[in-house]
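# Fold and geometry: a report
These are the residues of each chain, in order.
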Amino acid sequence: MPAAGGEDRYERLMELARRRGFFWPSYEIYGGVSGFYDLGPLGVAVKNRLIEKWRRYFVYSHSDYVVEIETPVIGPARVYEASGHVEHFTDPIVECLKCGRKFRADHLIEEKLGVNAEGLSPEEMTRLIREKGVTCPVCGGPLGEVRLFNLLFKTQIGPYEGSVGYVRPELAQGMFVAFKRVFEAMRGRIPLGIAQVGRVGRNEISPRQGMIRLREFTIAEMEYFMDPSDPEGSCPFFQSRAGARLRLITCQAKRSGGSPVELTVGEAVEKGVIIHPCLAYWMAVAQEFVESLGVPRENILFEEKCPEERAHYSSQTFDQLVKVSRWGWVEVSGHSYRGDYDLSRHAKYSGADLAVFKRYPEPRIVRRKRVIADKALIGRTFKSEAPRVLEALSRADPGEVERQLAQGGPVRVGGYEVPAEAVRVVEVEEKVTGEKYVPHVVEPSFGVERLLYVALEYAYREREGRVILSLPRDIAPLHAVVLPLLESEESLVRKAEEVAGLLRERGFHVTLDRSGSIGRRYARADEAGIPAAVTVDYRTLEDGTVTLRDRDTWRQVRIPIDRLPQALERFIYHGASLEELGEPVS
C-alpha cells in the first residue's frame with residue numbers, strides 16, 4: 001500500500017488529483033452536482049491507457065474468440081422492458097419527513113446499525129428503521145416509508161410523445177441485441193466473446209465516495225457466448241489458468257461468519273464453488289489484470305453474491321473487490337453467469353430468432369411427436385380464420401395437445417378452441433442434422449473510473465517530502481518528459497526539442513519541460529507519474545548521449561540518442577531496469 005496512511009492518504013491523493021489535473025468534481029463553478037466528475041488531461045491519459053490495457057487482457061490476447069463492437073448510449077424502452085431493467089433496476093429510497101432529504105435506505109441502515117441490508121425488502125427496512133430509531137442524519141427528523149426508486153435515466157427519442165428511451169445502465173443489452181449480427185459476421189462461431197467500452201448512466205439516489213460511485217461513468221465489459229451443453233469446449237483456454245489461485249468468500253461463508261478461502265481455478269470449478277469453467281477463467285484473467293495495475297494479490301478478493309443480492313439475470317455472481325484506504329473493500333468488477341436469460345427475453349419481446357444451430361457430426365434418426373390437423377374440417381369450421389388456426393397448431397406443443405385430447409378436447413391454441421376430431425398427434429421418424437439452442441453467457445464487467453482511482457491510490461508514494469506517483473509504466477499519463485538542463489541555454493533547448501521530436505515520431509507520448517530548476521522539474525514529473533525523464537546537458541552536445549532517469553529509484557544512466565527510442569520501449573513496456581539500458585551515472 002502507499003506510504004501515507006488511511007484518511008490522510010485519501011485527502012492527499014484528492015488534492016494531488018485536483019492540482020495536477022487527474023480529476024475533480026464536475027460543474028464546480030455552479031456548486032457541483034454529486035455523482036459527476038471531470039477527468040483532466042492526466043486523468044484522461046491514464047484512463048485511455050487503462051482501457052487499452054484491458055483490451056490487451058480481454059480482447060487482443062483472445063482475438064480468435066473475442067471481438068469488440070460499439071452500440072448506442074440510448075435505447076428504446078422496449079429493450080429495457082425486455083431486459084428486466086424497467087422492472088428490477090431499483091434501489092431502496094427513504095425520505096426525511098422533516099427536511100425532505102432523500103437517502104439510500106440500505107446504506108443508511110448499514111451506516112447507523114452496522115447491519116448488511118442488501119437484499120432486504122422495503123418493508124423489512126422500514127421495520128428496522130422504526131424499531132431501531134434511525135433518524136435523518138442531517139436534521140434528526142423522522143424517516144418515512146422505504147420505497148423502490150428506478151435508477152434508469154429516462155428520455156424521449158425524437159419529437160413525439162410516447163417515444164420513450166433510456167440511457168443504458170450497462171453495456172450488455174447493446175451486445176445482446178446485436179448478437180445475431182455479430183455471430184453471422186464471425187461466420188457462425190461459438191464460443192464468441194463480444195466486448196465493448198462505453199459510457200453508461202445510473203441515477204444513483206445519493207452518490208458518495210468520490211470516483212467510486214458515479215451517476216455517469218465508463219464500463220469495459222464482455223459478453224462471452226457459449227454452448228451450455230459443452231462446458232469444456234466453451235472455454236478452450238481454461239487449462240492455461242487452471243492453476244491460478246483465487247481468494248474467494250462464498251455466500252455460505254458470509255452467512256455463517258466464515259473466512260475467505262484460497263483455491264486454484266481448477267479446484268473452484270471441480271468443487272462447484274464456481275459453477276462454470278468460463279466464469280472461473282475470466283475471474284483469473286481479471287485478477288491478473290488488477291494486479292498489473294499495482295494492487296497486491298492479498299488486497300484482492302472475490303465475493304459471491306447471495307441469491308437475494310444478485311441481479312435479476314444472474315445465476316451466480318462474484319464481485320471482484322479491492323481494499324482501499326478510506327472505504328475498505330470496494331467493487332471494481334462483477335463476474336456473472338447470465339445463462340440464456342437475456343437472449344431468451346429479447347427473442348420473446350422482439351419476435352426475433354436468437355437461437356443458433358449446432359450441426360451434428362453425423363445425421364441422427366429421431367422419433368418425434370407431431371400435431372396433424374384436418375385442414376378441410378378446420379377450413380369449414382373457422383373459414384377466414386382457418387390459416388391462423390393452422391399456424392397456431394403448427395407451433396403448439398404436441399405433449400400439451402395430446403393431454404387436452406386425452407381429456408376429451410377441445411384443443412385450445414392461440415385463443416381458438418379446435419374440435420378434438422380435427423386434431424391428432426402422431427409419432428414420426430425424422431433425420432436431423434443438428435439442433436438449435438440459445439447460447440449461455442458469462443460476463444466480466446469493469447468500472448473504469450474505479451480502476452483509475454484504485455491505480456492512483458496504490459501508486460501514491462511520499463519520499464523525502466516529495467510525492468511520487470509510481471503508476472505502472474504502461475498506464476502512466478506520459479511516457480517521458482524531456483528536460484534541457486538549463487532553460488536559459490538555447491543550444492540545450494534546441495537539442496531537447498530534437499530529442500522530444502524523435503520520441504514522438506516513434507510513437508511515444510512525451511512533453512518538454514523547460515521551466516524552473518532541474519530538481520523542481522524532476523519533482524513535477526514524479527508527482528504526475530511520468531516514469532522516465534530524459535535530460536539534455538552539455539555532454540549531450542559533445543557526444544550525443546542523454547541521461548535517462550527512473551521516476552521510482554531516481555537513478556540515471558547515459559544512453560546515446562540514437563538508442564533512446566529502443567531503450568525507452570524496453571523500459572516502458574518490457575520492465576527493463578536502467579542497468580540493462582545504459583551506463584550508470586554516479
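Above this note sits the structure.
Residues numbered from 1 in each chain as written. Predicted model: local features only at pLDDT ≥ 70, side-chain atom pairs only at ≥ 80, totals over all residues. Heavy atoms only, no water.

### What about helix H5 (residues 105-113)?
Regarding H5, the residues found buried are Ala105, Asp106, His107, Leu108 and Ile109. Structurally, H5 contributes buried residues whose contacts are with strand S5 (90-95), strand S6 (102-104) and helix H6 (122-132). Directly after H5, the chain includes glycine 114, whose backbone phi takes a positive value near 70°. (Buried < 20%, exposed > 50% of the residue type's maximum accessible area, 1.4 Å probe, protein only. Helix = DSSP H or I, 4+ residues; strand = E, 2+ residues; numbered from the N terminus. Contact = heavy atoms within 4.5 Å.)

### A short note on the packing of aromatic side chains
Summed over the entire model, instances satisfying the criterion amount to 22 aromatic pairs. Taken together, Trp54, Tyr57, Phe58, Tyr65, Tyr224, Phe237, Tyr281, Trp282, Phe289 and Phe446 form an aromatic cluster joined through their ring pairs. A cation over a ring is seen here: lysine 358 above tyrosine 437, with NZ or CZ 5.6 Å from the ring centre. The ring of phenylalanine 571 carries arginine 473 above its face, with NZ or CZ at 3.8 Å from the centroid. (Phe/Tyr/Trp six-rings, centres within 6.5 Å; stacked < 30°, edge-to-face > 60°. Lys NZ or Arg CZ within 6 Å of the ring centre and 35° of its normal.)

### Section: the sheet that holds strand S21 (residues 440-447)
Either a parallel or an antiparallel arrangement is found when strands of a sheet pair, and the pairing is made through backbone hydrogen bonds. In spatial order, the strands read S3-S10-S11-S21-S16-S15-S14-S12-S13; together these 9 strands make up an open sheet with mixed pairing. Each edge of the sheet is formed by a strand with only one pairing partner; in this case those strands are strand S3 (66-68) and strand S13 (261-264). Between one strand and the next, the sheet's axes are offset by a mean angle of 30°, whatever the strand orientation. Where strand S14 (residues 300-304) lies against strand S15 (residues 316-324), 5 bridges are found, and the strand directions are antiparallel. From the neighbouring strand, isoleucine 300 faces S15, where its bridge partner is valine 322. (Pairing = 2+ DSSP bridges. Axes fitted to C-alpha atoms, helices over the stretch in contact; angles between N-to-C directions.)

### Brief notes about the sheet that holds S6
The antiparallel open sheet is built from 3 strands, whose spatial order is S6-S5-S7. A strand with exactly one partner marks an edge of an open sheet, and here the two such strands are S6 and strand S7 (147-150). This sheet shows a mean twist of 50° between the axes of neighbouring strands, independent of strand direction. Taken together, the 4 bridges between S5 and S7 define a ladder with antiparallel strand orientation. Its bridge partner being in S7, threonine 90 is matched across the sheet by asparagine 150. Of the strands in this sheet, S5 and S6 are in contact with H5, which crosses S6 at around 75°.

### Examining a nonpolar patch on the surface
Residues Tyr27, Ile29, Tyr30 and Val33 make up a contiguous nonpolar surface patch of about 540 Å² in total accessible area. Along the chain, isoleucine 29 falls in the loop between strand S1 (23-25) and strand S2 (37-39). (Patch = residues over 30% accessible without salt bridge, like charges linked within 9 Å, V, L, I, M, F, W, Y side chains within 5 Å. Areas by Shrake-Rupley, 256 points an atom, 1.4 Å probe, with all protein chains shown as cover. Salt bridge = Lys/Arg side-chain N within 4 Å of Asp/Glu carboxyl O.)

Taken by themselves, the reported measurements are silent on function.
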